[in-house]
Amino acid sequence: MELTTRTRNLVTLAAVILVLLLPGAAVAGDTIRIGVAGAHSGDLASYGLPTVNAARLVVNEVNARGGINGKKIELLIEDDMCKPELATNTATKLVSQGVDVVIGHICSGATKAALPIYKEAGVILISPSATSPELTQSGQYPNFFRTIASDDRQAKPEVEYVLNVLAAKKVAVIHDKGDYGKGLAEIARKLIQDSGKGEVVLFEGVTPGAVDYSAIVQKIKQSQADAVIFGGYHPEASKIVSMMRKKRMNTAFVSDDGVKDNTFIKVAGKDAERVYVTGPRDNSQNPLAQAANAAHKKSYSADPGAFYESSYSAALALVNGIEKAGSTDMALLSKALQTEKVDTPVGTIHFDENGDAVGVGFAMYQVREGKFVEVK
Amino acid sequence: MDYFIELFCSGLTRGAIYALIALGYTMVYGIIGLINFAHGEIYMIGAFTAFIVATVLSIYGFPLAAIVVVTGISAAIWSSAYGYTVEKIAYKPLRNAPRLTPLISAIGMSILLQNYVLLAQTSDFLPFPELIPEFAFMEPVAHIIGSSDLVILVTTAISMLLLTLFIKFTRLGKAMRATAQDKTMALLVGINVDRVISATFIVGSLLAAIGGLLIASHIGQINFAIGFIAGIKAFTAAVLGGIGSIPGAVLGSLILGLTESFATGYVSSDYEDVFAFSLLVLILIFKPSGLLGRANIGKV
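Please read these numbers as outputs of a predicted model, since none were measured by experiment. (Residues numbered from 1 in each chain as written. Chains lettered and ligands numbered in written order. Predicted model: local features only at pLDDT ≥ 70, side-chain atom pairs only at ≥ 80, totals over all residues. Heavy atoms only, no water.)

Caption draft 1: Broad picture of empty space enclosed by the protein. As enumerated under the stated definition, the model contains 4 cavities of 30 Å³ or more in all. Together, 15 residues line the largest cavity, and A:Lys246, B:Glu134, B:Gly146, B:Ser147 and B:Ser148 are the ones closest to its centre. When residues of the lining of the largest cavity are traced back to their parent elements, those giving at least two are helix 9 (234–246) of chain A together with helix 5 (147–169) and helix 8 (193–219) of chain B. Top contributing element to the lining of the largest cavity by residue count: helix 5 of chain B, with 3 residues. (1 Å grid on protein atoms, 1.4 Å probe; cavity = no way out; pocket = protein on both sides within 12 Å on 5 of 7 lines; lining within 4 Å. Points joined across faces, edges and corners; volume = space filled by probe spheres on them. Helix = DSSP H or I, 4+ residues; strand = E, 2+ residues; numbered from the N terminus.)

Below is the structure:
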């Protein structure tokens with residue numbers, strides 16, 4: 001094909017521009033790019049948005065005092081709606097934007113889907129909220145860390161509370177079929193069976209978003225369970241617990257930190273009363289947590305939401321790790337995260353070889369007069 | 001036996017919920033042969049309108065009965081306005097386009113409306129006020145069937161009856177049937193087809209709004225995404241019963257609800273959807289036009 005001079009000039013010009021542009025995209029600039037990925041819209045946005053606020057506050061503070069080792073931090077915020085199929089897109093987008101480390105993702109399923117992409121790119125993640133045991137214990141994701149305890153550490157207080165304090169003999173275990181809820185439910189079932197103190201009379205998954213849960217509630221009633229353990233998130237939990245109370249069932253309802261959110265109390269209203277949920281330990285006495293909460297109130301004139309403290313801690317741990325390692329290189333930063341202790345709102349923490357935080361745990365809460373109150 | 005009755009009642013409630021939405025679906029399809037995928041979103045908008053109006057009214061301390069009436073009327077008007085507008089914007093310009101075009105346009109409308117409510121309102125779940133009181137006479141059977149279940153069942157039955165009478169005996173109903181049979185011929189005998197189709201959308205949206213009000217009050221929470229799953233299930237029910245047929249939509253919904261309920265009760269709720277959709281496949285294999293549908297060639 002014969003090219004006219006004009007076309008050829010244009011092509012050359014385009015090629016030159018491309019060549020000039022490419023290195024700019026590939027070479028990381030003078031900033032450290034921290035990605036923040038999680039649910040920022042959709043049903044579960046209330047779990048993801050507090051992390052964005054926490055990251056912004058920490059980053060503003062670090063940048064104000066001159067950045068990490070002289071480099072300013074830049075935040076790249078991406079939404080995954082807690083959907084695994086979107087999380088892979090989110091991860092790819094962040095990696096292509098040259099992200100150095102990531103705070104997130106929020107939900108276990110989405111995190112699991114995104115991890116291989118980050119691993120490939122040598123990017124370290126710290127999640128404030130993904131609690132599936134597999135993420136750390138499978139050993140497949142050396143780039144994964146978290147500032148929240150794993151579900152097996154969450155299922156344990158749930159089961160112990162149900163068997164010992166509530167003295168339930170028959171337990172119904174219900175879950176939402178998701179990675180997080182089902183994983184938690186399976187651990188709870190195993191713990192109950194191994195304890196020998198009670199039996200699991202029902203183990204079933206419900207379809208999230210269904211219009212009506214009365215059939216499963218009738219089934220729980222039929223199983224004569226003394227207590228229900230639910231693994232999943234608050235939209236289904238509030239529907240199931242409201243339906244139980246409507247059917248005049250007073251069976252104890254015990255759930256997890258996916259339910260420990262003020263939206264649950266707001267939506268379930270009076271039916272939320274006396275519901276038990278586990279959640280990260282109460283840190284209200286920790287001066288760092290007080291300072292972090294005060295900073296949030298000052299900047300956003302609202303109380304922080306779910307996982308705020310663990311996100312704040314994740315950001316602090318990352319900043320500290322990068323400072324000590326002097327790099328965002330995966331091997332160097334992993335080592336720093338594992339060895340350097342850091343003071344955070346959730347306590348003085350470091351990470352074990354699997355990536356789980358040492359020094360955090362779960363406590364049991366009950367809803368009393370519209371508030372989560374820690375029970376012993 | 002008690003357990004069977006309990007599951008039966010659960011299934012009926014669920015079926016009636018589907019039916020309230022399916023009626024609008026099937027009616028629009030019956031008249032203009034369009035699967036209006038935005039119908040679930042009209043239902044969601046009805047629920048949101050009801051939420052806003054009911055919340056405002058209860059702040060001013062109106063009595064419950066007044067709240068229910070005013071909320072119902074405003075949700076119906078608002079949803080109808082949306083239904084009417086959606087038809088004018090997304091379907092009317094495509095009236096003579098190939099059948100798939102308005103279908104795609106409907107899906108687009110559905111996504112648009114969802115995201116519009118997400119942005120204009122919130123992504124959080126909102127607590128919907130309990131508009132249906134707990135009736136004292138229902139107390140002895142409250143553990144089996146609640147007051148809101150009863151209200152939904154009765155409303156569905158009345159809606160089905162009124163809709164059938166409306167289409168059979170009113171002038172507008174006759175015009176609708178004529179339009180359904182042959183649009184060109186209807187034009188030739190002096191029927192204003194555009195007006196008839198607009199009226200169809202208004203009636204369908206009105207039903208969706210009533211559904212939104214009752215169902216949201218029954219479930220106790222709403223968010224921008226509730227229309228999608230409810231819409232898909234109601235659509236399934238309408239197809240099961242024979243899309244285009246009004247008694248068929250109710251029958252299909254009840255069968256779908258009962259199947260799901262018994263599957264949960266006697267097998268496992270893990271397989272609830274498997275049973276529901278296997279049933280759909282089976283019925284469509286043996287009766288492709290649905291249970292009460294007339295065989296109709298050439299419609300999507």
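Caption draft 2: Region of interest: the sheet that holds strand 13 (residues 357–358) of chain A. Residues and elements named next belong to chain A. Sheet architecture is open: 3 strands sit in the order 11-12-13, paired in antiparallel fashion. Looking along the sheet, the strands with just one partner apiece sit at the ends: strand 11 (342–344) and strand 13. For strand 11 and strand 12 (residues 347–351), the ladder comprises 3 bridges, and the chain directions are antiparallel. When the sheet's bridge partners are listed, aspartate 343 is paired in strand 12 with threonine 348. (Pairing = 2+ DSSP bridges.)

Caption draft 3: Representation of the interface of chain B and chain A. Counting residues at the interface gives 42 residues for chain B, matched by 36 residues for chain A. Together, the buried faces of chain B and chain A total about 3000 Å²; carbon and sulfur atoms form 49% of this surface. Summed over the shared surface of chain B and chain A, the result is 4 salt bridges. Run the count over chain B and chain A and you get 16 residue pairs in polar contact (both at pLDDT 80 or more). If you tally residues by element for the side of chain B that touches chain A, the top one is helix 1 (residues 2–32) of chain B, at 8 residues. Residues belonging to the side of chain B that touches chain A are distributed by class as follows: 17 nonpolar, 15 polar and 10 charged. (Contact = heavy atoms within 4.5 Å. Buried area = accessible area lost by both parts, 1.4 Å probe. Salt bridge = Lys/Arg side-chain N within 4 Å of Asp/Glu carboxyl O. Polar contact = N/O pair within 3.5 Å; in protein donor to acceptor, adjacent residues only side chain to side chain. Nonpolar A, V, L, I, M, F, W, Y, C, P; charged D, E, K, R; others polar.)

Caption draft 4: How the structure looks around the packing of aromatic side chains. What the rule picks out here adds up to 18 aromatic pairs over all chains. For the ring pair B:Phe4 and B:Phe8, a centre distance of 6.4 Å and an interplane angle of 20° mean the geometry is stacked. Taken together, the residues span about one helical turn, with B:Phe4 and B:Phe8 both in helix 1 at a distance of 4 residues. Using a relative accessible area of 34% as the deciding quantity, one classes B:Phe8 as partly exposed. Within the aromatic cluster, the residues linked to one another by ring pairs are B:Tyr3, B:Phe4, B:Phe8, B:Phe262 and B:Tyr266. A cation over an aromatic ring shows up here: A:Arg189 above the ring of A:Phe203, its NZ or CZ 3.8 Å from the ring centre. For A:Lys260, the ring lying beneath its charged end belongs to A:Phe372, and the centroid distance is 5.2 Å. (Phe/Tyr/Trp six-rings, centres within 6.5 Å; stacked < 30°, edge-to-face > 60°. Buried < 20%, exposed > 50% of the residue type's maximum accessible area, 1.4 Å probe, protein only. Lys NZ or Arg CZ within 6 Å of the ring centre and 35° of its normal.)

Caption draft 5: A look at the pairing of strand 1 (residues 31–38) of chain A. Residues and elements named next belong to chain A. Among the 8 residues of strand 1, 6 are classified as buried, and the element is accordingly described as predominantly covered. Pairing analysis gives 8 bridges linking strand 1 to strand 2 (residues 72–79), with the strands arranged parallel. If you follow alanine 37 over to strand 2, its bridge partner there is glutamate 78. After leaving strand 1, the chain enters helix 2 (residues 45–64) and then returns to the sheet as strand 2, a path that is right-handed. Direction of pairing for strand 1 relative to strand 3 (residues 101–103): parallel, over a ladder of 3 bridges. By the bridge assignment, isoleucine 34 is partnered in strand 3 with valine 101. (Right-handed = clockwise from strand over helix to strand, strands pointing away.)

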